[in-house]
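This is what each chain is made of:
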Amino acid sequence: MTTDTTTRDTAPGAPAPGTTVLDARGVTMRFGGLTAVNNVDLTVNSGEIVGLIGPNGAGKTTFFNCLTGLYIPTEGEVRYKDRVLPAKSFKVTAAGIARTFQNIRLFSNMTVLENVLVGRHTRTKEGFWSAVLRGPGFHRAEKASRERAEELLEFVGLASKADHLARNLPYGEQRKLEIARALASEPGLLLLDEPTAGMNPQETRATEELVFAIRDKGIAVLVIEHDMRFIFNLCDRVAVLVQGQKLVEGDSATVQGDERVIAAYLGEPLENDPGAAEAAEVEAAEAAQADASSDTSAGKENDR
Ligand SMILES: Nc1ncnc2c1ncn2[C@@H]1O[C@H](COP(=O)(O)OP(=O)(O)OP(=O)(O)O)[C@@H](O)[C@H]1O
Ligand SMILES: [Mg+2]
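Residue numbering note: each chain is counted from 1, following its sequence as written. Starting at A for chains and at 1 for ligands, labels are handed out in the order in which the entities are written. Under the rules for a predicted model, residues below a pLDDT of 70 receive no local features and side-chain atom pairs below 80 are neither given nor counted, while totals for whole chains, interfaces and linings still include all residues.

Peer 1: Would you explain helix 3 (residues 112-119) in this entry?
Peer 2: It helps to recall that an α-helix has 3.6 residues per turn; residues three or four apart then point in one direction. With C-beta atoms placed from the backbone, the exposure class of a residue follows from how many other C-beta atoms lie within 10 Å of its own: 20 or more, buried; 12 or fewer, exposed; in between, partly exposed. Numbering goes from the N terminus for both helices and strands, where a helix is a DSSP run of H or I of at least four residues and a strand is a run of E of at least two. For helix 3, the tally of buried residues reaches six of eight residues, placing the bulk of the element in the interior. Along helix 3, the residues that are buried comprise Val112, Leu113, Asn115, Val116, Leu117 and Gly119.

Peer 1: Just to check I follow, could you spell out the pairing of strand 4 (residues 75-80) for this structure?
Peer 2: Within a regular strand, side chains alternate between the sheet's two faces. Pairs of strands are assigned from DSSP output, requiring at least two bridges between the strands. In this sheet, strand 4 lies alongside strand 1 (residues 20-31) in antiparallel orientation, the contact comprising five bridges. Pairing of Thr28 across the sheet is with Glu75, part of strand 4. Pairing analysis gives two bridges linking strand 4 to strand 5 (residues 83-84), with the strands arranged antiparallel. Bridging across to strand 5, Arg79 finds its partner in Val84. With antiparallel pairing between neighbouring strands as the criterion, strand 4 and strand 5 make up a hairpin whose turn holds two residues, including Lys81 at a positive phi of roughly 45°.

Peer 1: Teacher, can you tell me more about the sheet that holds strand 10 (residues 245-250) here?
Peer 2: Think of a sheet as strands paired side by side through backbone hydrogen bonds, with each pair either parallel or antiparallel. As summarised here, the arrangement of the six strands in space is 6-7-8-3-9-10, forming an open sheet in which the pairing is mixed. The open sheet has two free edges, formed respectively by strand 6 (97-99) and strand 10, since each of these has just one partner strand. Between one strand axis and the next, the sheet turns by 20° as a mean value, whatever way the strands run. As defined by bridge partners, strand 3 (residues 49-53) adjoins strand 8 (residues 220-224) across four bridges and the pair is classed as parallel. Looking at strand 8, one finds that Gly51 is bridged to Val223. Sitting on the sheet, helix 7 (residues 201-216) is in contact with strand 3, strand 7 (189-193) and strand 8, with an inclination near 150° to strand 8. Throughout, an axis means a line fitted to C-alpha atoms (over the contacting stretch in the case of helices), and angles, computed between N-to-C directions, take values from 0 to 180 degrees. A residue pair is marked as a contact if its C-beta atoms, positioned from the backbone, fall within 7 Å.

Peer 1: Is there a simple way to explain the pairing of strand 3 in this structure?
Peer 2: Burial of strand 3 is extensive: five of the five residues sit out of reach of the surface. Burial of strand 3 is two-sided: the residues Ile49, Gly51 and Ile53 facing one way and the residues Val50 and Leu52 facing the other way are all buried. In this structure, strand 3 lies alongside strand 9 (residues 237-242), joined through four bridges in parallel fashion. Within the sheet, the bridge partner assigned to Val50 lies in strand 9 and is Arg237.

Peer 1: Any chance you could explain the site of ligand 1 here in plain terms?
Peer 2: By nearness alone, every residue bordering ligand 1 is listed as Phe31, Leu34, Ala36, Gly54, Asn56, Gly57, Ala58, Gly59, Lys60, Thr61, Thr62 and Gln102. Secondary-structure elements contributing two or more residues to the shell around ligand 1 are strand 2 (34-45) and helix 1 (60-67). Sort the elements by how many residues they give to the shell around ligand 1 and helix 1 lands first, with three residues. By residue class, the composition of the shell around ligand 1 is four nonpolar, seven polar and one charged. Here, nearness is defined through the C-beta atom: a residue counts as near a molecule or strand if that backbone-placed atom lies within 6 Å of it. Three residue categories are used. Nonpolar comprises Ala, Val, Leu, Ile, Met, Phe, Trp, Tyr, Cys and Pro, charged comprises Asp, Glu, Lys and Arg, and polar comprises the others, including Gly.

Peer 1: Would you explain unusual backbone geometry in this entry?
Peer 2: When glycine is set aside, most residues are seen to have a negative phi, and most peptide bonds are trans. Despite not being glycine, Glu194 shows a phi value in the positive range, around 55°. With respect to the element layout, Glu194 can be found in the loop between strand 7 and helix 7.

Peer 1: Would you mind showing me how to read the nonpolar core here?
Peer 2: Most often, soluble globular proteins have nonpolar side chains that are buried together. Ranked by internal contacts, the top residues of the largest apolar core, which has 66 residues, are Phe63, Leu153, Ala180, Leu189, Leu190, Val221 and Leu222. Bear in mind that the domain bounds are from an automatic or database domain assignment. If you count residues domain by domain, this core takes at least three from each of domain 1 (1-96 + 187-292) and domain 2 (107-172). Other than its neighbours up to four places away in sequence, Leu189 contacts Val21, Leu22, Val44, Tyr80, Gly96, Ile97, Ile219, Ala220 and Leu222. Structurally, a nonpolar core is described as a collection of buried Ala, Val, Leu, Ile, Met, Phe, Trp, Tyr and Cys residues joined by way of C-beta atoms within 7 Å.

Peer 1: Would you explain the confidence of the model for the protein chain in this entry?
Peer 2: Confidence per residue, as judged by the predictor, is encoded in pLDDT with a range of 0 to 100. Averaged over the protein chain, the pLDDT score is 85; the fraction of residues at 70 or greater is 80%. A low-confidence stretch, residues 1-9 stays under pLDDT 50, and its non-local contacts, those more than four residues away or across chains, total five contacts. Confidence drops under pLDDT 50 across residues 296-304; counting only partners more than four residues distant or on other chains, this segment forms zero contacts.

Structure (structure tokens):
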């Protein structure tokens, strides 16, 4: 697993490790009488994967919506790389924050590749007249976008499905496609809202590796998840929201051991750890896959 933070490369153009990328201060979001997010401070530094956890209805998605211009916070301020964020989601994407959604939002009747191309629109300079006249500049930009989209599909493991309709992908692959589409805007910060919801343990493990790989490309990550195994494996830091307020923030061990977090969200660990059975199941499946591929490796030479 690529958890070793000492050996990772910083991608060219990425801010130096430890620089503050996201700085949310005193963010409050009220809906009528309901305070969904209450005076939350959160920073994400470059090179970090930060987790945001908490019970259903704690305000996690609402907080993401405040970070991405979908909602204008009732109070507080959000800065991305020292600039106050504009209050429009397409401008936030252009500034460098991309996200995926808890309820998948793909163009279901478009192909996988087209969905990623849609994600590139904030990064293409060609304007309206260029698209109408379809001159050499337009064709060059279109080719470059297509190549980048194909590269991203390869990165998330969907290259072989580029021409499939998004709606025909299994659920886990739709989530990966959402990640590819978000990456297409070339973000400096990626927000993931429950990226493993509905995935089986093997897909979850693969998503873990994918998030590490994204971080290793110099993109900071803020991730919401209910799967605690995933969160505590992945995150450098975890913040816990309960009833709109940040209850605790710290490294995995600190958060897992905090009595308030246990009482409000995690609960006492069970005697016979149910996660152990799940881990054994994934390891057995991976070992079986490795055996199968070594059995057929001789044949593969001829398949190329
Ligand atoms: N647009 C809205 N109008 C009114 N209330 C809302 C709105 N969006 C969210 N809420 C309320 O704000 C609270 C926080 O909801 P939110 O979806 O942010 O929680 P969450 O932590 O993401 O929960 P989950 O883990 O179930 O996804 C809930 O009580 C929800 O009903
Ligand atoms: Mg949510």
